[in-house]
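# Results of the structural survey
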Amino acid sequence: MHRYIPNTDGDALAMMDAIGIISMDELFRNIPDNLKLSADLKLDPGLSEPEIEQRMKELGGNNRSVNDLVCFLGAGAYDHYIPSVIKHLAKRSEFYTAYTPYQPEISQGTLQVIFEYQTMICGLTGMDVSNASLYDGATACAEAAIMAADSTRRSTILVSKTVDPETRRVLENYMHFRNIEIKEIPMSEGVTDPEALNTLIGTDSAAVIVQSPNFFGIIEDLTEIERITHDNKSLLISSVDPISLAVLKKPAEYGVDIAVGDAQALGNNLNYGGPYLGFMAVTSKLMRKMPGRIVGQSLDADGRRAFVLTLQAREQHIRRYKATSNICSNQNLNSLIASIYMVTLGKKGLMEAAYQCTEKAHYAANRLTASGKYKLAFKQPFFKEFALIGPADADLINKELIKDNILGGYNLNRDYGIQNGVLLCVTEKRTRYEIDRLAALMEVLS
Amino acid sequence: MKKYDKLIFEISRKGRCAFSLPESDVPRVPLEDLIPSHLLTKEEVDLPEVSEVDVVRHYTLLSNKNYGVDTGFYPLGSCTMKYNPKINEDMSSLDCFANLHPYQPEDTVQGALALMYELDNMLSEISGMTRVSLQPAAGAHGEMTGLMIIKAYHENRGDTKRTKIIVPDSAHGTNPASAAVVGFDIIEVKSAKDGTVDMQSLKEALSDEVAGLMLTNPNTLGLFEKNIKEIANLVHEAGGLLYYDGANMNAIMGIARPGDMGFDVIHYNLHKTFSTPHGGGGPGSGPVGVKEHLVEFLPVPIVEKSGDRYFLDYEKPLSIGKVKSFYGHFGIMIRAYTYILAMGAAGLREASQKAVLNANYMMIRLKDHYKLPIEEVCMHEFVLGGLKEETNGVITLDIAKRLLDYGYHPPTIYFPLIVHEAMMIEPTETESRETLDEFIEALIKIAKEAKDDPNMLKEAPHNTPVRRIDEALAARSPILKWQKE
């Protein structure tokens, strides 16, 4: 008898009696005998709770969390402060043990949360319409590319080299199977090269994908890129850091058609890479081409405001193979967390967090480049991350830093061939003391 | 309790705040001195201003308008809404798991890598496959990944004309949609009356252009595909591969394995079979298992072990590449791993047995009151076709809405598409006989109400936070965000 299974052997006998069978095996009579397992699965015997805790703590003991260390690592996943209210509210089981809100009358909690989330994503990006979330920033970008190819009926995607390499890898894979060609827009001085874009773009270009702040943390000026893209009747897709939008020019201010990104930074734990959430917000023109769930406002039979899943004619359970995407489950609980984060920080808090990221990152860059041993890889405006070139490979530097419980930056040699390049991230969580210590330690390494 | 109908934006008051950040301890510099002003926004960020207690009450009151497995019985067919053990949540929240950066040096995440490696082994054993990739984010994403692997396999053999995937008409909507995402054409084959594969239609559909067949077994009518071995042989003889949609895996754990049935690729739904919560629509997790001949095509990275050390292996030249950032939904993997530890082999087997017992018990008790299209022992779920006899125009939707008044989440309705007025009921093993009896009584009572007071049903629900909602209005004039009046 397992603790998660209430029916006892006595219950089972009574139920079998009602069914008219005498052995449980009769229930499985449609499975051919030669397919039935003759022995138990090779798994350990079930454990009690204390044994599970013991085992998990042993396993976890071989990990060092970002709270054991001081984290200067970003590159697409960020160590921001997570307000205490989040775990208390997101752990309400009325939220987390519910299914997709297919029965809206008993799902108004989930539905209203999504409606508010959509509103706030539109607020941050300036875009007209947001969906309810996608798996992560990388798949959101791939879905945006597919949407652009479908709506322009063109089959080439131009993607800037300054877009997160992880995102580009996922994009490459999705496009390969979809028979959409990808061309890479070279970079110049750490930003997308508009002249190169001008040469590459053509009548078959469905979309141009850029990221700002880009992978190097550099804030890209999209003015010229937007002009070139739209002159060619292509769509502009921009991947953005939601926290940066409290201070930086919004995608809509640039005339972006599809804004995407990863919203892990909005209150979600690092979780060793997932679950995070991808967001997507578009112009109203593209509303009915969007993938994923969307919540809309309506009225109930008594004329009260109520929320429902809407525009479902786009989705797989109605359109099957003609759907705009195959997505079904999304990242609802993560978008609840992102919502609580946005509400808790609010107008002033998000601006303050973004401001502190900016000034602390700049303070760190100044400290680290003061002696001349490290220099900025690019002389460009940046947000919370910056690329340095130092005296040694980043892996070697990081090996030393970890001895002092510091999690160093991302090695830029890996994807960009920038020798001795490292990408450091400084969020509002880092203190002056921690930054000074990092600078002092890095200064004595060679 | 107070009726709450406010949006967060409507309780916002200028000047209120709920955040708590220390004052910056680096010298404050005007933003314009750090970032050129043409790159800065001219608009203030549009977010509400509320206090901490406002935040807490708002979300608490919204949660009260929700219904979860912890609230009550949730017999949603094909979704396996079993109880989500609390220890799973505790383990996934441990600092040593929840707060790891995906790019940390491997030396600092050996515990996380070990967990992934072991979970791969466990899931391989349960399904009878060789290796499992934990990267896919959800069921549909797993389908997409599995189909990419199938396509890569044929392409690698130089067999490039296999551009079609066969999908039965009883399949989940994600099956054909996923095939389309991967650039396949879809051949839909008619099912036999009981939703099983019609052998004749299958034979006609097979050709050297077919890359594979997607199958759910037990199928969406809750019936085991008796001819599965023969189906596998036919598909393999035609040069195709067999894909297993693992949505219904809860029926056969420890009893039979897709790998032994002849399937080449399978996806799991950890958020169904392995008790991880659905989160109101995600995050899920959709690991993909494959047989030996497909291992080299799995997404990168995969966790490998060398001596005592675990590492992320990217050196897979034939890999399809990446399907999402990083390594998958690690937070969900922890919960599923914890669940398998708690259950063990015997527990998983008991879960499937009792899930099937519960379903058959309900089916037997309900068939005198509701239409049962196929009289056959079912697996973990069964499908009814509305009321036994047409009664005053009461339809499945009315029955579902009336169930809300009785405090239940209704079954999946109008699916599978091949059953008229379908109600797909999946009780799972975590429900007691009394719960099942009470639900059955409610359904019997509703059947009686259909005769006595049909209008009450057609207007149901009556005592939910909101009544029936005008979905057509929402789609016709979309209001997709709140706007200041």
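Everything numeric here is computed off the predicted structure, so don't read it as measured data.

Of the regular secondary structure elements, chain A holds 15 helices and 17 strands. Expressed as a percentage of the 446 residues in chain A, the buried residues total 66%. Expressed as a percentage of contacts within chain A between residues at least 6 apart in sequence, the contacts between residues at least 24 apart total 70%.

This paragraph deals with the domain arrangement of chain A. Residue and element names in this part refer to chain A. Its domain assignment divides chain A into domain 1 (70-81 + 347-444) and domain 2 (84-339). One C-alpha centre belongs to domain 1, the other to domain 2, and the line joining them spans 28 Å. Across the boundary between the two partners, domain 1 contributes 26 residues, which contact 30 residues of domain 2. A buried area of about 2,200 Å², summed over both sides, lies between domain 1 and domain 2, and 68% of it is on carbon and sulfur atoms.

Turning next to the sheet that holds strand β13 (residues 375-376) of chain A. Residues and elements named next belong to chain A. The four strands lie next to each other as β13-β14-β17-β16, forming an open sheet whose pairing is antiparallel. The sheet is open, and its two borders are formed by β13 and β16 (410-411), each paired with just one other strand. In terms of strand pairing, β16 meets strand β17 (residues 421-425) through two bridges, oriented antiparallel. Residue Tyr410 lies in a different strand from β17, and its bridge partner there is Leu423. Along the sheet, helix α12 (residues 332-369) makes contact with β13, β14 (385-389) and β17, crossing β14 at roughly 10°.

Here the focus is the state of the cysteines. Taken as a whole and judged by the stated rule, the model has zero disulfides over all chains. The closest cysteine sulfur to the non-disulfide-bonded A:Cys328 is located on B:Cys79, 8.0 Å from its own sulfur. Given a relative accessible area of 17%, A:Cys328 falls into the buried group.

Residue and element names in this part refer to chain A. Within β14, four of the five residues are buried, which leaves the element mostly enclosed by the surrounding structure. Across two bridges, β13 lies against β14 in antiparallel orientation. Note on β14: the bridge partner recorded for Lys375 is Ile389.

Within the structure shown, the criterion is met by 53 salt bridges over all chains. A salt bridge links A:Arg29 to B:Glu376; its shortest N-O distance comes to 4.0 Å. Of this pair, A:Arg29 sits in the loop between α1 (9-19) and α2 (49-60) while B:Glu376 sits in the loop between α12 (330-366) and β10 (382-384), each in a different chain. B:Glu376 sits in the partly exposed class, given a relative accessible area of 25%.

Moving on, we get to helix α7 (residues 174-181) of chain B. A large share of α7(B) lies buried, amounting to eight of its eight residues. Taken from the residues just after α7(B), B:Gly183 is the one with a positive phi, measuring 85°.

With that settled, consider a positive patch on the surface. Together, B:Lys2, B:Lys6, B:Arg13, B:Arg16 and B:Arg57 give the surface a local cluster of positive charge. In this fold, B:Arg16 is placed in the segment before α1 (31-34).

Let's shift gears to the packing of helix α5 (residues 110-127) of chain B against α12(B). All names here are of chain B. Two elements in contact, α5 and α12, have axes whose closest approach is 10 Å; the angle formed by their N-to-C orientations is 45°. Taken together, α5 and α12 sit at an angle that is classed as oblique. Where α5 crosses over α12, the handedness of that crossing is left-handed. Between α5 and α12, the residues in contact are Ala112, Leu115, Met116, Glu118, Leu119, Met122, Leu123 and Ile126 and Phe330, Met333, Ile334, Tyr337, Ile340, Leu341 and Leu348, respectively. Residue composition of the contact of α5 with α12, grouped by class: 14 nonpolar, no polar and one charged.

On to the packing of helix α3 (residues 86-93) of chain B against α12(B), then. Residue and element names in this part refer to chain B. Look at α3 against α12: their axes get within 8 Å of each other, and the N-to-C directions meet at 135°. Comparing the axis directions of α3 and α12 gives the class oblique. Judged by the sense of rotation from one axis to the other, the crossing of α3 with α12 is right-handed. Along its contact with α3, which presents Ile87, Asn88, Glu89, Met91 and Ser92, the element α12 presents Gly331, Ile334, Arg335, Thr338 and Tyr339. Of the residues in the contact of α3 with α12, the class split is four nonpolar, four polar and two charged.

Parameters at a glance
- Residues numbered from 1 in each chain as written.
- Chains lettered and ligands numbered in written order.
- Predicted model: local features only at pLDDT ≥ 70, side-chain atom pairs only at ≥ 80, totals over all residues.
- Heavy atoms only, no water.
- Helix = DSSP H or I, 4+ residues; strand = E, 2+ residues; numbered from the N terminus.
- Buried < 20%, exposed > 50% of the residue type's maximum accessible area, 1.4 Å probe, protein only.
- Contact = heavy atoms within 4.5 Å.
- Domains from an automatic or database assignment.
- Buried area = accessible area lost by both parts, 1.4 Å probe.
- Pairing = 2+ DSSP bridges.
- Axes fitted to C-alpha atoms, helices over the stretch in contact; angles between N-to-C directions.
- Disulfide = S-S within 2.5 Å.
- Salt bridge = Lys/Arg side-chain N within 4 Å of Asp/Glu carboxyl O.
- Patch = residues over 30% accessible without salt bridge, like charges linked within 9 Å, V, L, I, M, F, W, Y side chains within 5 Å.
- Areas by Shrake-Rupley, 256 points an atom, 1.4 Å probe, with all protein chains shown as cover.
- Lys, Arg positive; Asp, Glu negative; His and termini not counted.
- Charge placed at Lys NZ, Arg CZ, Asp CG, Glu CD.
- Parallel < 35°, antiparallel > 145°, perpendicular 65-115°, else oblique.
- Left-handed = near helix turned anticlockwise from the far one by under 90°.
- Nonpolar A, V, L, I, M, F, W, Y, C, P; charged D, E, K, R; others polar.

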